[in-house]
Amino acid sequence: MHAEFGHYLLYLALFLSIALSVFPMLGTFTKQDVFVATAKPLTLLFFSALLASFTCLAYAFIIDDFTIKYVAQHSNSLLPDRFKISAVWGAHEGSLLLWVLILSGWMFAVAFLGTNLPKLNYARVLSVLGMIACGFVSFLLITSNPFERTLPFFPIDGTDLNPLLQDFGLIIHPPMLYMGYVGFAVSFAFAISALIEGEWNATWARWTRPWTIAAWSCLTLGVMLGSWWAYYELGWGGWWMWDPSENASLLPWLSGTALMHSLAVTDKRDSFKGWTLALSLTTFSLSILGTFLIRSGTLTSVHSFANDPERGRFLLIFLAIVVGAALLLFSFRASKVKTKADFSETSKDMFLLMNNILFISLTFIVFFGTLYPMFAEAFGRKLSVGAPYFDMLFPYPVAVLAILVGIGPLLNWKHHDFSKLKMILLKVGAVSLVISLLAVWFTGTFYGWVFVGLFLALWISLLSLYNVSKITRHGKNWLDKVKKIKAAFLGMTIAHLGVAVMIVGVVMTSYYSVEKDLRMTVGDVQEIGGYRFEMLSSQVSSKENYQSTTVTFKVFKDNEMILIMKPEKRYYLAGKQLMTEAAIDYTLFRDLYLALGESLDNAGETWSVRIYVKPFIRWIWLGAIFMGFGGIISITDKRYKNLKSTSNKSVGM
Amino acid sequence: MGNESQKMMNKLTPILSISIFVVAFIFFYWLIGEDKTELPSQLIGRSTPAFKVADVYDSSIIHTEKEFEGKIILVNVWASWCPSCYNEHPYWKQHSKNKDITLVGLNYRDTKEKALEFLHQQGDFYQWTLFDEKGRLGIEFGVYGAPETYLIDNKGKVRYRHVGIVNTKVFNEIILPLVEKIKQES
Amino acid sequence: MFSFSMKKLISILFLICFSSISDADIQVFDFNDETLEKRFSHLTVILRCPKCQNQNLSDSNSILSQDLKQIVYEKLNSGESDKQILFFMKQRYGEFILFDPELNRDNAFLWSAPLIFLLLILFGFIYWYKNNRNNFTRNISESDNV
């Protein structure tokens, strides 16, 4: 019954979302309170219906209901419980249900936390979200029903969840990623609502800002989790491969970062409105574009879901409607927006404008490089655009941005007198230059980008700390000083420091990693990257749903044994698949990575082995964590709580 | 900016964006149906690569591309580890009877025992079979999977590559018309 | 749970499974020269596996990738240049096999488009700024750092 119930709930959700799309919006035009007031209860019911539906599917997985096709294809009775639950979103249909559930969650949050919005805006935003939700629920029901039955002939046991996915990463990466992807629907809805109303000012920006930052933080963490997961699970030590699916998640992030910064200007200076509106519309459109590219089969990727042209066409039409509506609204309403150039070349406004331009360029690079092979195919060429292309182009705008990140937060709005700042910048520049030169000299080999990266990281960090000292300068004592640091400022500083940390991680790992593929037998010793690896022994054992061969290694540094590492080869019984479980030892300053290749003898004592020493790689994800948490901290700032003062207009104006 | 050019810009922008939008939509729609895994052959219009490969039955017999001269050749890439090849093989029984073509097998990356067993059990319809144990000849042809079939004309030029099973439909609708064309050219 | 001999039997069966699996995992190539080794790492990362779902030769386990890696290894040891090796691959599998698009006329647009894009926006902005800057003052406003 749970499958039919879950399915029925989806239909219910569909009707609720249609009602939500129509009635509140209608109410805002006819000014009828009755219709406007339906927004909150409808959203509540919509969320509940989806939550219940999702629970039905999760239940089906837990009880091993293989009469449901989706469960039979992606689960198995031997699968550990925690993976049975995360298997719910392990493939297309279930992950889409999760997507829609998360959308309803955001809508629920807006419904409850946005009650101090003017009633009409509130209703409009929820209606627009309802329309988006309607599109996705229809997509689910028409092309991707997770509750389809295998009856009358059902399998005794399921096919099993792909062993690559039987991992902690599956539990956290997709939910967090979707939180981000979907979260930008809120700023999209706010933008559409503003366009419909014809009013977009600083107040609108102030309402949207916390939602946008929240979505951005989630997306930052989601992408970071994906990178980290690919690194330790896929077995190759790479943290970013510029795979089309990775790019699909990066596009809304880049656009979203520009949006988040542009909103700050609209909030503070009632300016850049065209930019902010356009970026709001673009970011969520890129989210849907990403969803389309990955699930339609148009991309060749290690990460693609099963290809189905029907799904692709549906998503494309949905994307066209969303983008088309946004384009039309924007061109008819916003084209009359004229931004005044009421700031000087040396102002925070100018720097944020440059920030917008650079992030848009980065978005273009990734967009263009990812889609170019497809365009070329229409003209008969079959070519590949891979990591070398992106690695060549991406760093340059980032480097310029890093310079701006250091200076921007120190500037005043409208105009800043550089005469005093110049000295500080020169001093910090000189110090950064010297330290980075020393650091590079210390490593022995000079790599241009390492030097530049270290310089930029120091530049950002020192200037951020200087900014903190500037803000707290007039505090009479420690407590007073700390009080001067507002949440928004703290969040920004932490996030920017995260950028610095990440840059260090990227350049150090990219240039100083050591990778070797070797033949080793029990008793062999190898020296790699300053560490000594000794292969001790090999054992076979049986676990819940797999058999494992574990090879034990002793690791020495400077003749002292520092640890034992145990890479594994696992044979998953249900799906008959062989998996590599790398042994990773990590500290703040380096990762040691050991993976088994193939057994080169019958006793299992000689193996091809891959050994990596990767310096500073954790800094990449640490930096992203800083960024994500910086965002979350800045949302807690009091300025977003004072929005109650904006009038709570009733409908009868 | 003058008022005239401003007005033109205002009219142009929506037209431009709408046309880009429409083109993009059509493009993506078309893209959805396309087979992403298919690679075009680099050999089309070029000569057969030169080679020296042993015969699958008798390793003292060395085959070269010179044996292709003056004949219309179908090189069929197959292996005992390729499931589709078992599906395809029975079709060759019929197709190899065609007087205009010479069917040559290219056993790709296989062991001799398994290859011989395949031919013994499924039947050998090839005029001769090249034993490409290391797969190097396959790489010269740009082989990236099995089965694949190459049509080479009587002047040694590669005219067509088929990726996948050559069933009766493919043979009649694609291969035979090309063979006719080649015959007319001579 | 299992007796000693049973465990040994399982492990042998287990390993036989491993050795006969045709998609071998990590291949070992012995290099005497560190420069050659570096070039090998580089080339196998920028060459694409022709039949995989977007993997380079280095990451791919497929038979074809193994063979192609072997060829790269042999050619490096026989003194061929990177350019020659890449050309060899391109001749047989097309430009698809190159993750690093070549710098030629066909790819001129690919490589220059991002720069053109950036310049267009930049110039567009400068143009707009120059035309609209008459309405601001250079007065120092109160500092506002967030």
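Residues numbered from 1 in each chain as written. Chains lettered and ligands numbered in written order. Predicted model: local features only at pLDDT ≥ 70, side-chain atom pairs only at ≥ 80, totals over all residues.

1. A short note on the overall build of chain C
Worth spelling out the cut-off: The way it works is that DSSP assigns letters per residue, a run of H or I at least four long becomes a helix, a run of E at least two long becomes a strand, and they are numbered from the N terminus. Three exposure classes are used, all based on how many other C-beta atoms lie within 10 Å of a residue's own C-beta (placed from the backbone): buried at 20 or more, exposed at 12 or fewer, and partly exposed between those limits. By the convention adopted here, residues are in contact when the distance between their C-beta atoms, placed from the backbone, does not exceed 7 Å.
Along its length, chain C carries 5 helices and 0 strands. Along chain C, from the amino end to the carboxyl end, the secondary structure elements read α-α-α-α-α. The 146 residues of chain C split such that 23% are buried. Considering only contacts in chain C between residues 6 or more positions apart, those separated by 24 or more positions represent 49%.

2. A closer look at the overall build of chain B
What counts here: For the radius of gyration, the atoms used are the C-alpha atoms, and the globule rule reads 2.2 Å times the number of residues raised to 0.38.
Within chain B, the secondary structure is distributed over 5 helices and 7 strands. Listed by position from the N terminus, the elements making up chain B come as α-β-β-β-α-β-α-β-α-β-β-α. What you see for chain B is a C-alpha radius of gyration of 24 Å, clearly larger than the 16 Å of a compact globule of 186 residues, by over 25%. Taken along the three principal axes of its C-alpha coordinates, chain B extends 85 × 40 × 30 Å. Here chain B holds 186 residues, and 33% of them are scored as buried. Counted over contacts in chain B with a minimum sequence separation of 6, partners at least 24 positions apart contribute 73%.

3. A short note on the pairing of strand E3 (residues 72-78) of chain B
Residue and element names in this part refer to chain B. What counts is decided by this rule: When DSSP finds two or more bridges between two strands, those strands count as paired.
Of all 7 residues making up E3, 7 are buried, and the element is well covered by its neighbours. Relative to strand E4 (residues 101-108), E3 is paired through 7 bridges, and the arrangement is parallel. Its bridge partner being in E4, Val 77 is matched across the sheet by Leu 106.

4. Side note on the packing of helix H3 (residues 39-62) of chain A against helix H7 (residues 119-143) of chain A
Residues and elements named next belong to chain A. Note the threshold: To get an axis, a line is fitted to the C-alpha atoms, and for a helix only the part in contact is used. The angle between two axes follows their N-to-C directions and goes from 0 to 180 degrees. Crossings are assigned a handedness: left-handed for a near helix turned anticlockwise from the far helix by less than a right angle, right-handed for a clockwise turn. Three residue categories are used. Nonpolar comprises Ala, Val, Leu, Ile, Met, Phe, Trp, Tyr, Cys and Pro, charged comprises Asp, Glu, Lys and Arg, and polar comprises the others, including Gly.
The N-to-C vectors of H3 and H7 enclose an angle of 30°; their axes lie 10 Å apart at closest approach. As for the relative orientation of H3 and H7, their crossing is left-handed in sense. Across the interface between the two elements, Ala 39, Thr 43 and Phe 46 from H3 touch Tyr 122, Ala 123, Leu 126, Ser 127 and Ala 133 from H7. Here the contact of H3 with H7 is built from residues that sort into 6 nonpolar, 2 polar and no charged.

5. Section: the interface of chain B and chain C
Taken together, the contact between chain B and chain C spans 12 residues of the former and 12 residues of the latter. Considering only residue class, the side of chain B that touches chain C consists of 6 nonpolar, 4 polar and 2 charged.

6. Comments concerning helix H10 (residues 244-269) of chain A
Residues and elements named next belong to chain A. Selection rule: Expected helix span is given by 1.5 Å per residue-to-residue step, counting one fewer step than there are residues.
Here H10 is 26 residues long and its end C-alpha atoms lie 37 Å apart, about the 38 Å a rise of 1.5 Å per residue gives. Burial analysis of H10 places 24 of its 26 residues in the buried class, the great majority of the element. Taken from the residues just after H10, Asp 270 is the one with a positive phi, measuring 55°.

7. Thoughts on the sheet that holds strand E9 (residues 590-599) of chain A
Residue and element names in this part refer to chain A. Pairing within the open sheet is antiparallel, and its 4 strands lie in the order E1-E10-E9-E8. Edge positions in the sheet fall to strand E1 (514-521) and strand E8 (583-586), since each has one partner strand and no second. Looking at each pair of strands side by side, their axes are set apart by 15° on average, direction ignored. As defined by bridge partners, E9 adjoins strand E10 (residues 606-615) across 8 bridges and the pair is classed as antiparallel. Bridge pairing links Leu 594 to Ile 611 in E10.

8. Quick look at the domain arrangement of chain C
For the record, the criterion: For every domain, the bounds stem from an assignment made automatically or drawn from a database.
Domain annotation of chain C identifies domain 1 (18-100) and domain 2 (103-133). Each of domain 1 of chain C and domain 2 of chain C was reduced to a C-alpha centroid, and the two centroids are 37 Å apart.

9. Considerations on the nonpolar core
Convention followed: We define a nonpolar core as a collection of buried residues of the types Ala, Val, Leu, Ile, Met, Phe, Trp, Tyr and Cys that are connected via C-beta atoms lying within 7 Å of each other.
Ranked by internal contacts, the top residues of the largest apolar core, which has 215 residues, are Val 100 and Ala 185 of chain A. Per element, the largest residue contribution to this core is 19 residues, and it comes from helix H9 (residues 202-233) of chain A. For this core, the domains that each give at least three residues are domain 1 (1-162) and domain 2 (514-618) of chain A. Counting 50 residues, the second largest nonpolar core, distinct from the first, contains Val 75 and Phe 141 of chain B together with Leu 76 and Tyr 93 of chain C.

10. Describing the sheet that holds E3 of chain B
Residues and elements named next belong to chain B. Strand order in this open sheet of 5 strands is E5-E4-E3-E6-E7, and the pairing throughout is mixed. The two strands at the open ends of the sheet, each matched to only one other strand, are strand E5 (128-132) and strand E7 (158-163). Taking each pair of neighbouring strands and ignoring which way they run, the sheet shows an average axis angle of 20°. For strand E6 (residues 148-152) and E7, the ladder comprises 5 bridges, and the chain directions are antiparallel. The residue bridging Ile 152 from the neighbouring strand is Val 158, located in E7. On top of the sheet, helix H5 (residues 168-185) reaches E3, E4, E6 and E7; it is set at about 175° to E7, its chief contact.

11. What about the pairing of E9 of chain A?
Residue and element names in this part refer to chain A. Taking burial as the measure, the 10 residues of E9 include 10 buried ones, the bulk of the element. Strand direction decides the pairing type here: E8 and E9, joined by 4 bridges, are antiparallel. Within E9, the position partnered with Asp 585 by the bridge is Leu 592. Here E8 folds back onto E9 in antiparallel fashion, the turn holding 3 residues. Hairpin connection from E9 to E10: 6 residues lie between these consecutive antiparallel strands, with Gly 604 at a positive phi of about 75°.

12. Let's talk about the domain arrangement of chain B
Taken domain by domain, chain B comprises domain 1 (1-34) and domain 2 (52-185). Once you take the C-alpha centre of each, domain 1 of chain B and domain 2 of chain B turn out to be 50 Å apart.

13. Some words on unusual backbone geometry
Omega for the bond connecting Leu 151 of chain A with Pro 152 of chain A falls within 30 degrees of zero, at 5°, which places this linkage in the cis form. In this structure, Pro 152 of chain A sits in the loop between H7 and helix H8 (168-197). Residue Ala 146 of chain B is joined to Pro 147 of chain B through a cis peptide bond whose omega torsion reads -5°. Structurally, Pro 147 of chain B is set in the loop between helix H4 (136-141) and E6. The phi torsion at Asp 64 of chain A lies on the positive side, around 60°, for a residue other than glycine. Tracing the chain through its elements places Asp 64 of chain A in the loop between H3 and helix H4 (69-74). Of note, the phi angle at Lys 414 of chain A is positive, near 75°, even though the residue is not glycine. Tracing the backbone through its elements, the reader meets Lys 414 of chain A in the loop between helix H15 (395-407) and helix H16 (418-443).

14. Points about the packing of helix H13 (residues 348-378) of chain A against helix H5 (residues 108-132) of chain C
The line we're drawing: Here is the rule for angles: anything less than 35 degrees is roughly parallel, anything more than 145 is roughly antiparallel, 65 through 115 is roughly perpendicular, and the remaining ranges are oblique.
Viewed as axis vectors pointing N to C, H13 of chain A and H5 of chain C meet at an angle of 155°, and their least axial separation amounts to 10 Å. By the angle between their axes, H13 of chain A is roughly antiparallel relative to H5 of chain C. Considering only the axes of H13 of chain A and H5 of chain C, their crossing is right-handed. Here H13 of chain A contributes Ile 357, Ile 360, Ser 361, Phe 364, Ile 365, Phe 368 and Tyr 372 of chain A to the contact with H5 of chain C, which in turn contributes Leu 110, Ala 113, Pro 114, Phe 117, Leu 118, Ile 121, Leu 122 and Phe 125 of chain C. Tallied by class, residues from the contact of H13 of chain A with H5 of chain C come to 14 nonpolar, 1 polar and no charged.

15. Observations regarding the confidence of the model for chain C
Residues and elements named next belong to chain C. Convention followed: Per-residue confidence from the prediction method is given by pLDDT, with values spanning 0 to 100.
Here chain C averages 80 in pLDDT, while 74% of its residues score no lower than 70. Note that residues 1-23 has pLDDT below 50 and, in this model, 26 contacts with residues that lie over four places away or in other chains. For the stretch residues 139-146, pLDDT sits under 50, and the model shows 18 contacts to residues farther than four places along the chain or on other chains. On the interface metric, ipTM, the complex scores 0.89, and its pTM is 0.92.

16. Quick word on the environment of Leu 490 of chain A
Residue and element names in this part refer to chain A. Positionally, Leu 490 belongs in helix H19 (residues 487-512). Placed 354 residues apart in sequence, Leu 490 and Phe 136 show a C-alpha to C-alpha distance of 37 Å. Beyond its immediate stretch of four places on either side in the chain, Leu 490 contacts Ile 485 and Ile 633.

17. Overview of helix H6 (residues 92-113) of chain A
End to end, H6 of chain A covers 31 Å across 22 residues, agreeing with the expected 32 Å (1.5 Å per residue, within 8%). Burial of H6 of chain A is extensive: 17 of the 22 residues sit out of reach of the surface.

18. Brief notes about the environment of Tyr 29 of chain B
As for its placement among the helices and strands, Tyr 29 of chain B is situated in helix H1 (residues 3-33). Taking the C-beta count within 10 Å as the criterion, Tyr 29 of chain B has 15 such neighbours and is therefore assigned partly exposed. Contact partners of Tyr 29 of chain B, with chain neighbours within four places excluded, come to Arg 313 and Leu 316 of chain A.

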